[in-house]
Amino acid sequence: MPNQEREISRRGIMLVVSSPSGAGKTTLTRNLLEQEENVSLSVSVTTRPRRPSEIDHVHYHFVSRRRFEAMREGGELLEWAEVHGNYYATPREPVEQALSEGRDMLFDIDWQGTRQLLEKMRDDVVTVFVLPPTAAELKARLERRAEDSTAIIKQRLHNALEEIAHWREYDYILVNRDLDKSFARLRAILTAERLKRVKMLDIEAFADRLLVDLKKLTP
Ligand code: 5GP
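Residues numbered from 1 in each chain as written. Predicted model: local features only at pLDDT ≥ 70, side-chain atom pairs only at ≥ 80, totals over all residues. Heavy atoms only, no water.

A. Quick look at the nonpolar core. Judged by nonpolar contacts, the single largest core of 18 residues is most densely connected at Leu15, Val17, Leu32, Val128 and Leu186. For this core, the elements supplying multiple residues, two or more each, are strand S1 (14–18), helix H2 (25–35), strand S8 (125–131) and helix H8 (179–194). At 4 residues, the largest contribution of residues to this core is made by H8. When residues no more than four places from it in sequence are discounted, the contact partners of Val128 are Leu15, Val16, Val17, Ser18, Tyr170, Tyr172, Leu174, Leu186 and Ile189. One finds Val16, Leu99, Phe107 and Leu118 within the second-largest nonpolar core, a separate group that totals 13 residues. (Core = buried A, V, L, I, M, F, W, Y, C linked by side-chain atoms within 4.5 Å. Buried < 20%, exposed > 50% of the residue type's maximum accessible area, 1.4 Å probe, protein only. Helix = DSSP H or I, 4+ residues; strand = E, 2+ residues; numbered from the N terminus. Contact = heavy atoms within 4.5 Å.)

Given below as structure tokens:
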């Protein structure tokens, strides 16, 4: 059973996880990348300045506004949005390659990007929204982040209101009261989505053959 995914080839899944900043999305997605073999992160392009803890081409591809616009005009971006006054986008090529090779892609993008992916690739996209347990907890989590200034924290709280307003547009909702529980649920979502009949490319041939073999064994 654990090797079913490998034995029966399938198209990759686009797993989109959105939330306001501070709801725990980064920890959840990082854990998923560490513990799930066949999932890779879609590394976004952004015009936002790099934070000290971030590595170029690992967390984001950091680019100038000019370069961003050239990529957008050149059709290199699957979706794009302006968030917190900066541009963010998903490069197209790595996604198309991963899906066709049966590898899953994880997207840490906002509701605007999610909408665009749903419009373009509904059958490939599975969407998850992470909500904080309470408003006070969200505020406290943002304040604990030493990397951002007070003005940025204020802006992020304001943006949280807008992001949360779109929770209804998502397939699955995780209320992140307990990180371990939320993580188990996120994995369960991925596992179930991988097992969907429509995702399995050669399940038809497999089932046909099973029936033929079974008929031969049937007296
Ligand atoms: P941060 O600047 O904190 O890394 O990200 C800010 C917001 O931008 C997050 O809500 C994140 O989900 C969103 N974001 C990151 N990359 C992309 C992207 O490629 N496209 C879109 N639409 N949003 C993104």
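B. Fine view of the environment of Ala81. Relative to the helices and strands, Ala81 is located in strand S5 (residues 77–83). For Ala81, a relative accessible area of 3% gives the class buried. On a C-alpha basis, the gap between Ala81 and Pro91 in space is 12 Å, while along the polypeptide they are 10 residues apart.

C. A look at a nonpolar patch on the surface. Together, Trp167, Ile173 and Val175 line one region of the surface with nonpolar side chains, adding up to about 220 Å² of accessible area. Summarising the element assignment, Val175 is placed in strand S9 (residues 172–175). Given a relative accessible area of 31%, Val175 falls into the partly exposed group. (Patch = residues over 30% accessible without salt bridge, like charges linked within 9 Å, V, L, I, M, F, W, Y side chains within 5 Å. Areas by Shrake-Rupley, 256 points an atom, 1.4 Å probe, with all protein chains shown as cover. Salt bridge = Lys/Arg side-chain N within 4 Å of Asp/Glu carboxyl O.)

D. Structural context of the packing of aromatic side chains. The full count for this structure, using the stated rule, is 6 aromatic pairs. Both rings, one in Phe68 and one in Trp80, keep their centres 6.4 Å apart while their planes meet at 75°; by these two values the pair is edge-to-face. Residue Phe68 is located in helix H3 (residues 65–73), and its partner Trp80 is located in strand S5; the two are separated by 12 residues in the primary sequence. According to the relative accessible area criterion, Trp80 is partly exposed, its value standing at 33%. Here the aromatic cluster, defined as three or more aromatic residues joined through ring pairs, consists of Tyr60, Phe62 and Tyr88. Lying across the ring of Trp80, Arg72 places its NZ or CZ 4.4 Å from the centre. (Phe/Tyr/Trp six-rings, centres within 6.5 Å; stacked < 30°, edge-to-face > 60°. Lys NZ or Arg CZ within 6 Å of the ring centre and 35° of its normal.)

E. Quick peek at the sheet that holds strand S6 (residues 86–91). Pairing in this open sheet of 4 strands is mixed, and the strands run S4-S3-S6-S5 from one edge to the other. On the outer flanks of this sheet lie strand S4 (60–62) and S5, each paired with one strand and no other. With direction set aside, neighbouring strand axes in the sheet form an average angle of 25°. As defined by bridge partners, strand S3 (residues 44–46) adjoins S6 across 2 bridges and the pair is classed as antiparallel. When the bridges of S6 are listed, Val45 appears paired with Ala89. Across the sheet, helix H4 (residues 92–100) lies against S5 and S6, angled at about 30° from S6, the strand it touches most. (Pairing = 2+ DSSP bridges. Axes fitted to C-alpha atoms, helices over the stretch in contact; angles between N-to-C directions.)

F. Structural view of the packing of helix H6 (residues 135–144) against helix H7 (residues 150–164). The geometry of H6 relative to H7 is characterised by a closest axis approach of 10 Å and an angle of 150° between their N-to-C directions. With respect to H7, the axis of H6 lies roughly antiparallel. Note that H6 runs across H7; the crossing there is right-handed. Contact residues: H6 offers Leu138, Lys139, Leu142 and Glu143, while H7 offers Ile153, Arg156, Leu157 and Ala160. Tallied by class, the residues present in the contact of H6 with H7 amount to 5 nonpolar, no polar and 3 charged. (Parallel < 35°, antiparallel > 145°, perpendicular 65-115°, else oblique. Left-handed = near helix turned anticlockwise from the far one by under 90°. Nonpolar A, V, L, I, M, F, W, Y, C, P; charged D, E, K, R; others polar.)

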